[in-house]
Amino acid sequence: STMQSQDEAFLNEANAWERKAELCRESGDRAGELDGMQRLFEVRERRKTVRRRILSLTERVEYLQKVIFEYNKKKEARSR
């Protein structure tokens, strides 16, 4: 789904920022390391939000499937 591909994109972006921060730290670039870490945390937060939305939507779908199943079961019982 679109949200899952967005989640993967955030994961890839987070990995890239983490790598940038590591490279900057190794080269002594404190400002670059700080920037990389800040961006890493921002991306992780956005990814966490997307993952929460996916979970919430999945739970809603499962609930509605259960409601439909119960409705059809009652409807079938009434028609007998």
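Scroll up a little and you will see the structure.
Residues numbered from 1 in each chain as written. Predicted model: local features only at pLDDT ≥ 70, side-chain atom pairs only at ≥ 80, totals over all residues. Heavy atoms only, no water.

Can you help me understand the nonpolar core in this one?
The nonpolar side chains of a soluble globular protein tend to be buried, and buried together. In terms of nonpolar packing, the biggest core is built from seven residues, these being F10, A14, W17, L40, V43, V50 and I54. Contributions of two or more residues to this core are made by α1 (2-27) and α2 (30-78). The element best represented in this core is α2, accounting for four residues. Among residues more than four places away in sequence, those in contact with V43 are F10, E13, A14 and W17. (Core = buried A, V, L, I, M, F, W, Y, C linked by side-chain atoms within 4.5 Å. Buried < 20%, exposed > 50% of the residue type's maximum accessible area, 1.4 Å probe, protein only. Helix = DSSP H or I, 4+ residues; strand = E, 2+ residues; numbered from the N terminus. Contact = heavy atoms within 4.5 Å.)

What is the right way to read the packing of α1 against α2 from this model?
Each packed pair of helices is defined by two parameters, the angle between the axes and the distance between the axes. Packing of α1 against α2 leaves a shortest axis separation of 8 Å and a crossing angle of 160°. Of the possible angle classes, the one that applies to α1 and α2 is roughly antiparallel. In terms of crossing hand, the pair formed by α1 and α2 is left-handed. When the residues that make up the contact of α1 with α2 are grouped by side-chain class, the tally is 13 nonpolar, four polar and 13 charged. (Axes fitted to C-alpha atoms, helices over the stretch in contact; angles between N-to-C directions. Parallel < 35°, antiparallel > 145°, perpendicular 65-115°, else oblique. Left-handed = near helix turned anticlockwise from the far one by under 90°. Nonpolar A, V, L, I, M, F, W, Y, C, P; charged D, E, K, R; others polar.)

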